[in-house]
Amino acid sequence: MSRSRVAIAKGGSVEAMVERVVDLLGGIGSIVRLGSTVVVKPNAGHVGAPGSSVNTTPEVVAAVIRLVRKAQPAEIILAESAAIGCDTLECLEVSGIRQAAEEAGVDEIRDIKRDEDLVRVPIENPTSSIKHVDLPRFLLEADLLVDVPVFKTHVSMVFSCALKNLKGVVQDRVHYVMHTTNLAGAMMDLGELLQEKTFAIADLYRPMEGFGPHSGNPVEFGCILAGKDLVAVDATACRMVGLPIEKAEYFVAAEEKGLGHYREEDIDVLGEPVADVFTQLYLPYLDGFGAFPEYTFCVRNACSTCQGLTAFTMSKLKSLGEYEKNAGVAMVLGRHKEVPAGIEGAEAVVLMGDCTKTMKKKLADAGVEAFHVPGCPPTEPALCWSVVDRRDVDLDTDDPEVAKQIRKRVEYEDVMFKEWLRKQSRA
Ligand code: SF4
């Protein structure tokens, strides 16, 4: 494999930075063919306001579309398939990406979840247990896929950037299988299918630190980076934010699979040196659930959303002064066929999400009382309240008085959490 090149820009407008990284790699004319079809894939997987860094910064998406347009493709399509349980069009709307893309002159916006023209593509050399994926025909027929991720901390993957953003080209069914088998492996399988036609322009203009991928904090980092090798882009992004490469298990496997380079000596960094743009982000998830040894986690085939909410809940409990008080609680996530090992002697058992609905009865039959939090995924802060109050918590209510009480408690706890978070980020 030849050496990889990653370009970094810092300073000036978003538009200027996007143009600069692409110029450093040969210019837009070397990437986009005249009269071609280009698919731009942002990260718009969750409902999050502009500036929250839950999704790609709209200005970055707009700058990419304007730059691509300069090479005169026949068509630019913005496409996304939001996370399980999320509506893509709502995510694009609330994030400001739809409006930014339209103003930048995108030709079409497509919700991959609603696409009916799918093609079954076999995975020839699987790293995960996925044998095939159903991909939209328009994506397979496109000449170029411009992957426009935002860098975020991620509870189950440590971080999310260029390679992980490709996951948003499949519909919920495949998405679910990817999450509940081997997400890193499935991500690589998808990456292998698409790498030839993909070019990444990553948003480190405003990445997310803290409790990503949904509940972290935006950071004004002010950088854009780009490259053809998604693994090299991801590894360089990790180095820019102080995330130790060895904490993200997939790098070694990705290189072995021939997806790209992660070692510094195999990557030529163009533009700004990493040392000059380095800013340490707050990365609380480097040890996964191992960061919370006072609790037991029974996790089997759980989506990253439920894993993320659970890890977030641990931090929330700390912020409320409830973490130590509830030490010894066991959390059950995902699809368990049998009563999970490890819950014997637990202070209390909390069952997370619709996946664990039937477990309550199984545990009751085994003489263990458990509290259930419904939803797919459940609504935050139901899990936290279930741990603290030791009861089933369903926040879905038509009773205005109950809704008012819920709001009051949420507002009160939010103030405490934000204050606690400020202290953590400064520490
Ligand atoms: S309940 Fe949680 S783990 Fe189960 S399918 Fe829904 S999001 Fe995934």
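Residues numbered from 1 in each chain as written. Predicted model: local features only at pLDDT ≥ 70, side-chain atom pairs only at ≥ 80, totals over all residues.

1. Remarks on the pairing of strand β7 (residues 144-148)
- The element β7 is largely enclosed, with a buried count of 4 among its 5 residues.
- Bridging between strand β2 (residues 37-42) and β7 involves 5 bridges; their strand directions are parallel. Considered in β7, the bridge of V39 is made with L145.
- As judged from the 3 bridges shared by β7 and strand β10 (residues 198-211), these two strands associate in the parallel manner. (Buried ≥ 20, exposed ≤ 12 C-beta atoms within 10 Å, placed from the backbone. Helix = DSSP H or I, 4+ residues; strand = E, 2+ residues; numbered from the N terminus. Pairing = 2+ DSSP bridges.)

2. Some thoughts on the environment of D111
- By the secondary structure assignment, D111 is in strand β4 (residues 108-111).
- Along the primary structure D111 and V350 are separated by 239 residues, whereas in three dimensions their C-alpha atoms are 35 Å apart.
- Apart from residues lying up to four places away in sequence, D111 is in contact with E80, T88 and L89. (Contact = placed C-beta atoms within 7 Å.)

3. Some remarks on unusual backbone geometry
- Backbone torsion omega between E380 and P381 reads 10°, so that peptide bond is classified as cis.
- Relative to the assigned elements, P381 resides in the loop between β17 (370-373) and α14 (382-389).
- Not every positive phi belongs to a glycine, and Q72 is a case in point at roughly 55°.
- In this structure, Q72 sits in the loop between α2 (58-70) and β3 (75-80).
- On the neighbour-count criterion, Q72 (13 C-beta atoms within 10 Å) is partly exposed.
- We note that N301 has phi near 50°; this positive angle belongs to a residue other than glycine.
- Structurally, N301 is set in the loop between β14 (296-300) and α12 (304-319).
- Among the residues examined, N301 registers 15 C-beta atoms within 10 Å and is labelled partly exposed.

4. A word on the domain arrangement of the chain
- By the assigned domains, the chain splits into domain 1 (4-277) and domain 2 (288-426).
- Between the C-alpha centres of domain 1 and domain 2 there is a distance of 31 Å.
- Listed by partner, the interface residues are 15 residues for domain 1 and 13 residues for domain 2.
- Residue assignment for the side of domain 1 that touches domain 2 shows that the elements contributing at least two residues are α7 (172-180) and β10.
- Considered class by class, the residues forming the side of domain 1 that touches domain 2 number 7 nonpolar, 8 polar and no charged. (Domains from an automatic or database assignment. Nonpolar A, V, L, I, M, F, W, Y, C, P; charged D, E, K, R; others polar.)

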